Amino acid sequence: MEFGKNMGIQLPDKIVIYAIEAMDTLTFSETLSPPVAGAVPRAVQAIRNDIRSR
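The structure displayed is predicted, hence computed values, not measured ones.

What counts, and at which threshold
- Residues numbered from 1 in each chain as written.
- Predicted model: local features only at pLDDT ≥ 70, side-chain atom pairs only at ≥ 80, totals over all residues.
- Heavy atoms only, no water.
- Helix = DSSP H or I, 4+ residues; strand = E, 2+ residues; numbered from the N terminus.
- Rg over C-alpha atoms; globule rule 2.2 N^0.38 Å.
- Buried < 20%, exposed > 50% of the residue type's maximum accessible area, 1.4 Å probe, protein only.
- Areas by Shrake-Rupley, 256 points an atom, 1.4 Å probe, with all protein chains shown as cover.
- Lys, Arg positive; Asp, Glu negative; His and termini not counted.
- Charge placed at Lys NZ, Arg CZ, Asp CG, Glu CD.
- Salt bridge = Lys/Arg side-chain N within 4 Å of Asp/Glu carboxyl O.
- Patch = residues over 30% accessible without salt bridge, like charges linked within 9 Å, V, L, I, M, F, W, Y side chains within 5 Å.

Colleague: Is there a simple way to explain the overall build of the chain in this structure?
Modeller: Along the backbone of the chain there are two helices and zero strands. The C-alpha atoms of the chain give a radius of gyration of 16 Å, which is well past the 10 Å a tight globule of 54 residues would have. Based on the C-alpha atoms only, the size of the chain along its principal axes is roughly 40 × 30 × 15 Å. For the chain, the residues scored as buried account for 6% of the 54 residues in total. Here the chain has roughly 5200 Å² of accessible surface; of this, 59% comes from carbon and sulfur atoms. In the chain, 6 positive and 6 negative side-chain charges are present, and the distance between their average locations comes to 12 Å.

Colleague: Explain the pattern of salt bridges here, please?
Modeller: For side chains of opposite charge, pairing can occur when their charged atoms come near one another. One pass over the structure, following the stated rule, counts one salt bridge. Salt-bridge contacts for R54 lead to D50; the nearest nitrogen and oxygen are separated by 2.7 Å. A relative accessible area of 22% places D50 in the partly exposed class.

Colleague: What am I meant to see in a nonpolar patch on the surface here?
Modeller: Together, M1, F3, M7, I9, L11, I15 and I17 give the surface a local cluster of nonpolar side chains, amounting to about 770 Å² of exposed area. Note on placement: L11 falls in the loop between α1 (2-6) and α2 (34-52).

Here it is, written out as structure tokens:
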């Protein structure tokens, strides 16, 4: 963020990052692991709630 500001790029005052932590970061797959897949609906709902509250 500071780098962008120093370059004169207009950036938002606030950035919110949502994440789902993976237990296994060494195994790669084209599909979500069951724990991550189970967390997606809750993350989506949290994001929707946050957007609606603004």
